[in-house]
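# Residue-level structural notes
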Amino acid sequence: QVQLVESGGGLVQAGGSLRLSCAASRSFVTINVMGWYRQAPGKQRELVATITSGGSTGYGDFVKGRFTISRDNAKDTVYLQMNSLNSEDTADYYCNVRGRLLGVGVKDYWGQGTQVTVSS
């Protein structure tokens, strides 16, 4: 059974920082890409950042150097360091893992989401 355990969300003042973590269960045979997406009320889910097993990263245009994604392959954990937060960053943040379970092809798996609220 796949579990993606997210942590690190919460309430922060504008200009502050948060660090999100997402640990994948040990059920994965391989993990290709790990990432973060977010969804604000009334808006579509959007890409925040992704990182491949080789360490290549990609970011949404709105990030503008404020966020850094990293991963610990030994722990199957992905992190998102978010700095210079503003009210527009308020959203539910979802961890995503693209990987393969034993006997199953490559699929996308999602965490339950962690809420980030930035007060102005």
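Structure: above.
So, how was this worked out
Residues numbered from 1 in each chain as written. Predicted model: local features only at pLDDT ≥ 70, side-chain atom pairs only at ≥ 80, totals over all residues. Heavy atoms only, no water. Helix = DSSP H or I, 4+ residues; strand = E, 2+ residues; numbered from the N terminus. Contact = heavy atoms within 4.5 Å. Core = buried A, V, L, I, M, F, W, Y, C linked by side-chain atoms within 4.5 Å. Buried < 20%, exposed > 50% of the residue type's maximum accessible area, 1.4 Å probe, protein only. Pairing = 2+ DSSP bridges.

This next bit is on the environment of Gly35. If you trace the backbone, Gly35 turns up in strand S4 (residues 28–39). Separated by 15 residues in the primary sequence, Gly35 and Thr50 place their C-alpha atoms 4.0 Å from one another. In this structure, Gly35 is in contact with Ala49, Thr50, Ile69, Tyr94, Cys95 and Asn96, ignoring residues within four places of it in sequence.

Moving on to the nonpolar core. Counting residues in hydrophobic clusters, the biggest one holds 29 residues, and the most contacted among them are Trp36, Leu80, Met82 and Tyr93. Taken together, the elements giving at least two residues each to this core come down to strand S3 (18–24), S4, strand S5 (46–52), strand S7 (67–72), strand S8 (77–82), strand S9 (91–101) and strand S11 (114–119). Looking at this core, the element that brings in the most residues is S9, giving five residues.

This part takes up the pairing of S3. Along S3, five of the seven residues are buried, which leaves the element largely enclosed by surrounding structure. One ladder, built from four bridges, connects strand S1 (residues 4–7) with S3; its direction is antiparallel. Its bridge partner lying in S3, Leu4 is registered against Ala24. Relative to S8, S3 is paired through six bridges, and the arrangement is antiparallel.

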